[in-house]
Amino acid sequence: MIKRLLLIASTVCTLIVVASFVMFALEKANAGSTAQQNKIVSIDRPDPTPQAEQLRARKHTKVRELVDDANDVLTKPFDGITTSNDIWVERGVPALLAFLLYFVVLRILAGYAVRLKL
């Protein structure tokens, strides 16, 4: 039972982190003008300010905003690790570390989980 819960949590957390990063990457790839890219950069920073959060909520669909909000929570422990001005580094490093934690570490823990009889 504990193993199954850890595997489900691992899968859900990993899917959120990967989906958020993929949507970010697609949005960046489709951005054409410099002005548009600057606008995207300000709203796609990890751990957004309340103003940036409102701009992001208006720009994105409800599903995208829900995924991004969940991603913000899941990657928050890793947000201060980089001090780069490159948005790809700011988003990529926390996403990679979150992926390692939620996918790799939780699955290793699930492998060691003891089945409890209830």
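Criteria and thresholds
- Residues numbered from 1 in each chain as written.
- Predicted model: local features only at pLDDT ≥ 70, side-chain atom pairs only at ≥ 80, totals over all residues.
- Heavy atoms only, no water.
- Helix = DSSP H or I, 4+ residues; strand = E, 2+ residues; numbered from the N terminus.
- Buried < 20%, exposed > 50% of the residue type's maximum accessible area, 1.4 Å probe, protein only.
- Contact = heavy atoms within 4.5 Å.
- Areas by Shrake-Rupley, 256 points an atom, 1.4 Å probe, with all protein chains shown as cover.
- Expected span 1.5 Å × (residues − 1).
- Patch = residues over 30% accessible without salt bridge, like charges linked within 9 Å, V, L, I, M, F, W, Y side chains within 5 Å.
- Salt bridge = Lys/Arg side-chain N within 4 Å of Asp/Glu carboxyl O.
- Core = buried A, V, L, I, M, F, W, Y, C linked by side-chain atoms within 4.5 Å.
- Phe/Tyr/Trp six-rings, centres within 6.5 Å; stacked < 30°, edge-to-face > 60°.
- Lys NZ or Arg CZ within 6 Å of the ring centre and 35° of its normal.

S.K.: Outline the overall build of the protein chain, supporting the account with residue identities and numerical values.
M.R.: For the protein chain, the count of helices and strands is five helices and zero strands. Across the 118 residues of the protein chain, 33% fall into the buried class. Long-range pairs, those at least 24 residues apart, make up 61% of the contacts in the protein chain between residues at least 6 apart in sequence. As presented, the protein chain carries roughly 7600 Å² of accessible surface, and 67% of it is formed by carbon and sulfur atoms.

S.K.: Can you tell me about helix H4 (residues 62–75), naming the residues and giving the values?
M.R.: In this model H4 runs 20 Å from its N-terminal to its C-terminal C-alpha over 14 residues, within 8% of the 20 Å that 1.5 Å per residue would give. When we look at burial in H4, the residues that qualify are Arg64, Glu65, Val67, Asp68, Asn71, Asp72, Leu74 and Thr75. Close packing links the buried residues of H4 with helix H1 (2–30), helix H3 (50–59) and helix H5 (87–112).

S.K.: So what about a nonpolar patch on the surface? Which residues, and what values?
M.R.: A cluster of nonpolar side chains, Leu96, Leu100, Leu101, Phe103, Val104, Val105, Ile108, Leu109 and Tyr112, forms an exposed patch at the surface whose accessible area comes to about 800 Å². With respect to the helices and strands, the residue Leu100 is situated in helix H5. Looking at Leu100, the relative accessible area reads 39%, which means it is partly exposed.

S.K.: How would you summarise the pattern of salt bridges if you had to cite specific residues and measurements?
M.R.: In the structure shown here, the tally under the stated rule is six salt bridges. The shortest N-O distance in the salt bridge between Asp69 and Arg56 comes to 2.9 Å. Here Asp69, found in helix H4, pairs with Arg56, found in helix H3; they are 13 residues apart in sequence, far enough to count as distant. For Asp69, a relative accessible area of 31% gives the class partly exposed. Taking the relative accessible area as the measure of exposure, Arg56 reaches 1% and is therefore buried. Three or more residues are tied together by salt bridges with common partners; here these are Glu27, Lys59, Arg64 and Asp68.

S.K.: How would you sum up the nonpolar core? Please name residues and give values.
M.R.: Listed in full, the eight residues of the largest apolar core are Cys13, Val17, Leu74, Phe78, Ala95, Ala98, Tyr102 and Leu106. Elements represented by at least two residues in this core include exactly H1 and H5.

S.K.: I'd like a rundown of the packing of aromatic side chains, residues and numbers included.
M.R.: Summed over the entire model, instances satisfying the criterion amount to four aromatic pairs. Ring centres of Phe99 and Phe103 lie 5.2 Å apart, and the angle between their planes is 10°; this geometry places the pair in the stacked category. Taken together, the residues span about one helical turn, with Phe99 and Phe103 both in helix H5 at a distance of four residues. The partly exposed category is assigned to Phe99, whose relative accessible area is 28%. Take Phe103: its relative accessible area is 32%, and that puts it in the partly exposed class. An aromatic cluster is present here, built from Phe21, Phe24 and Trp88 joined pairwise through their rings. Taking NZ or CZ as reference, Arg91 lies 4.6 Å from the ring centre of Phe24, over its face.

S.K.: Before we move on, could you go through the side chain of Arg64 and cite the residues and values that matter?
M.R.: In this fold, Arg64 is placed in helix H4. With sequence-adjacent residues up to four places away left out, Arg64 is seen in contact with Met23, Phe24, Glu27 and Asp44.

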